[in-house]
Structures are given as C-alpha cells and as structure tokens.
Amino acid sequence: MAILDEDDSYVIQELSHSLSAAKYPVVFTGAGMSTESGLPDFRSSSKGLWKKVHPDTVASVSAMNENVQSFIDFYYNRMKNQQQAGPNTGHKILADWEQRGLLSSIITQNVDGLHQEAGNENVIELHGTLRKCHCNRCGTVYPDTLFLEGNYKCPCGGLIRPSVVLFGESLPVDAFYQASDEAEKSDLFIVLGSSLSVSPANQFPLEAKRNGAKLVIVNMEPTEMDDAADLIVRDWKIGELLEMVNRFI
Ligand code: APR
C-alpha cells in the first residue's frame, strides 16, 4: 500500500471523481502501459528501445527495403518478447472499467494486443499490431507464427512483414478517423504512458482538449503535451495508480 501524501490523495480524488462524473471517458495509451508487463518502451531515459538502436535502421520503410535482415531480426525479437508478456494490473483494470461502463474506448499506440487480451473490446490500434503479418506486395494476411518460424516469402514473391505501422508509412485510415471521432466525443481524455512525441498520434489529446474534454496525462517523465493538460500525474506507476483509483469508483 503506497503511503499517500496530500498530493497523492488529491490526484486519486481528482481522477476517481472525474471518471465517475464523465459521460464519455477515453483512454489513450503508449508503451508505458506495457512496461509493467515486461515489454520495453521506446524513449524512457533509462532503457527505451530507441536508446539502443535508431528506429530508421530497423523500424522504417527504408530499413525494410534496404536493411531487411536487421528489420526481420528486430521484429522477430519483439514478437518473441511479446509472446512472454501478458496483461498487467493496469490492463486488467481498464478491461473491468469498460465492462462497468466507466470507459468508452481505448486509443492505443501499442501493437502488443494486451488491451484486447485483458478483455477490452473497444480498442483502436493506431499503429497496427504485432500479432499479425501481411505480404507487403499482395496484402495477404498471415499469422505471426509464420514470421516466427522464419517464413518471410509470400508465394507472390513479396515480403511477409509484421502488420505494424513503420516509420514512413501512414496510419490505417479507419483507425485514424475512429480515434478522431472518439477524441471529439470524449469529455475526459486520459493519457497513460506515452511521451506524446510521435505525430499524428500525439494530436488526439489536443483534439479532445479543443473539444472541451478534461485532459489528464499520466506519465513518469515530462511529455510534449504537458502544457495542455488539466492534470499531470508524474510519479506513479500506471498499474499502482489505476489500482488506487479503482478503490474509489
Ligand atoms: N508508468 C508510467 N509511465 C511510464 C511507465 C509506467 N509504468 N513506464 C514507462 N512510462 C513512460 C516513460 O517515462 C515514457 O515517457 O511511458 C513513456 C513511453 O513513451 P515512449 O517510449 O515514447 O512510447 P510511446 O509514447 O508509446 O511512443 C509512441 O513511437 O516509436 C514509436 O510506434 C512507436 O507507438 C510508438 C510511438
């Protein structure tokens, strides 16, 4: 049980009251949502993935076209990592909140599928998913197991690649417009575990704010959108915070 100081109690009270009063609460998640499942994030000052390797060399269209072995190795390791990870306390509480009608939807930048595995049904995946692959030429969809077994060649001759959005690719159109719609409808928009440094995903918190939503940012480190937030929660791990808030709603 964390020892709450007056700031903590204010945060818990603010969050639980806002959630209980909200008509259309939307949660927006980043890689910080899954670190408590053992998956690394990208920009954490200590151990973010992009502190070890530059995304252009492994997670971009140019890497896929010109550096295909590094591209394959990078995603093979992420898929392997992914298989060991399961939903954490935070994921499970968000699923419970959806079931109780306390959460309208989740917009996620994550590709790990852990929100759906925890039980959330209304999940918008802005950056695709690591749980599927498709042929980069003909678009045929394949299970991730094929990629993990080392099959990268589609019968059409194209490359079988993970169905994540690479740097240099645009977001899936339907996900983009669904997320925009959710941001517009929300009256409470809670960011969980994102540095908000990648566009256009980082525009949705601002879109919600412009449409009158209360914007809450829960993140261990400062984000690029902190100035727009009504409430910033900095020194809480997401799982512990949601667990504490859950006691009051
Ligand atoms: N509780 C709270 N915050 C956390 C936790 C935690 N348990 N773990 C990590 N964080 C914070 C980190 O401090 C970091 O600022 O989560 C944030 C994650 O930020 P990023 O690593 O930048 O991840 P994200 O914002 O999701 O990146 C967006 O960039 O590389 C692309 O496609 C990739 O979807 C990703 C996008």
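Preceding block: the structure.
First, a word on scope: everything that follows refers to the structure included in this document.

Topic: the site of the ligand
Taken together, 24 residues are adjacent to the ligand, and Glu 36, Phe 42, Arg 43, Ser 194 and Ser 195 come closest. Contacts to the ligand include Glu 36, whose side-chain N or O atom sits 2.7 Å from a nitrogen atom. Within the side chain of Asn 219, one N or O atom sits 2.8 Å away from an oxygen atom of the ligand. Calculation on the ligand without its partners gives an accessible area of 730 Å², and the protein chains cover 94% of this total. Its residues assigned to classes, the shell around the ligand shows nine nonpolar, ten polar and five charged. Shared between two domains, the shell around the ligand takes at least three residues from each, and those domains are domain 1 (1-38 + 88-127 + 173-249) and domain 2 (40-84 + 128-164).

Observations concerning the sheet that holds strand E3 (residues 123-125)
The sheet built from six strands is open, its strands ordered E3-E2-E1-E7-E8-E9 with parallel pairing. Pairing within the sheet leaves two strands with one partner each, and these edge strands are E3 and strand E9 (231-233). Going across the sheet, the axis of each strand differs from the next one's by a mean of 15°, ignoring polarity. Here strand E8 (residues 214-218) pairs with E9 via three bridges, running parallel.

Digging into empty space enclosed by the protein
Scanning all chains against the criterion turns up one cavity of 30 Å³ or more. For the largest cavity, the calculated volume is near 30 Å³. Forming the walls of the largest cavity are Leu 15, Leu 19, Trp 97, Ile 190, Leu 192, Leu 242 and Val 245. Breaking the lining of the largest cavity down by element, the ones donating at least two residues are helix H1 (6-21), strand E7 (188-192) and helix H10 (238-246). Within the lining of the largest cavity, the residues separate by chemical class into seven nonpolar, no polar and no charged.

Side note on the sheet that holds strand E4 (residues 128-135)
The strands making up a sheet are joined through hydrogen bonds of the backbone, oriented either antiparallel or parallel. If you trace the three strands from one edge of the open sheet to the other, you get E5-E4-E6, paired in antiparallel fashion. The two strands at the open ends of the sheet, each matched to only one other strand, are strand E5 (141-143) and strand E6 (160-164). The mean inter-strand angle of the sheet, taken between neighbouring strand axes irrespective of direction, is 45°. Sheet topology places E4 next to E6; five bridges connect them, and they run antiparallel. Among the inter-strand pairings, Thr 129 is bridged to a residue of E6, identified as Ser 163.

A word on the packing of H1 against H10
As a packed pair, H1 and H10 sit with axes 9 Å apart at the nearest point and diverge in direction by 65°. One way to sum up the angle between H1 and H10 is to call them roughly perpendicular. Handedness of the H1/H10 crossing: right-handed. Contacts between H1 and H10 involve Val 11, Ile 12, Leu 15, Ser 16 and Leu 19 from the former and Leu 241, Met 244 and Val 245 from the latter.

Calculation notes
Counting of residues starts from 1 at the beginning of each chain's written sequence and follows it residue by residue. Thresholds applied to this predicted model are a pLDDT of at least 70 for local features of residues and 80 or more for the giving and counting of side-chain atom pairs; totals over whole chains, interfaces and linings are not thresholded and use all residues. Computation of side-chain values: all heavy atoms of the structure, hydrogens and water removed. Distances are taken per atom, and a residue is near a molecule or strand as soon as one of its heavy atoms is within 4 Å of it. Here a polar contact means two N or O atoms within 3.5 Å. Within protein one must be a hydrogen donor candidate and the other an acceptor candidate, and residues neighboring in sequence count only if both atoms are side-chain atoms. Reported accessibility uses the Shrake-Rupley method at a 1.4 Å probe radius. Residues are deemed covered only where the shown protein chains occlude them. Gly falls in the polar group here, along with every residue not listed as nonpolar (Ala, Val, Leu, Ile, Met, Phe, Trp, Tyr, Cys, Pro) or charged (Asp, Glu, Lys, Arg). Marked domain ranges trace back to an automatic or database domain assignment. Should DSSP find at least two bridges between two strands, the strands are regarded as paired. Secondary structure counts use DSSP, requiring at least four H or I residues in a row for a helix and at least two E residues in a row for a strand, with both numbered from the N terminus. Note on geometry: axes are lines fitted to C-alpha atoms, helical ones only across the stretch in contact, with angles between N-to-C directions running from 0 to 180 degrees. Lining residues are defined by having an atom within 4 Å of a point belonging to a cavity or pocket. Those points lie on a 1 Å grid over the protein atoms alone, cavities being sets where a 1.4 Å probe fits but cannot get out and pockets being open sets with protein on both sides within 12 Å along at least five of seven lines. Grid points are joined across faces, edges and corners, and a volume is the space filled by probe spheres set on the points. The cut-offs work like this: below 35 degrees is roughly parallel, past 145 is roughly antiparallel, 65 to 115 is roughly perpendicular, and the gaps in between are oblique. Each crossing is labelled by how the near helix is turned from the far one, with a counterclockwise turn of less than a right angle marking it left-handed and a clockwise turn marking it right-handed. Contacts are residue-level and defined by heavy atoms, with any inter-residue pair within 4.5 Å sufficient.

Any functional reading would require information that these geometric values do not contain.
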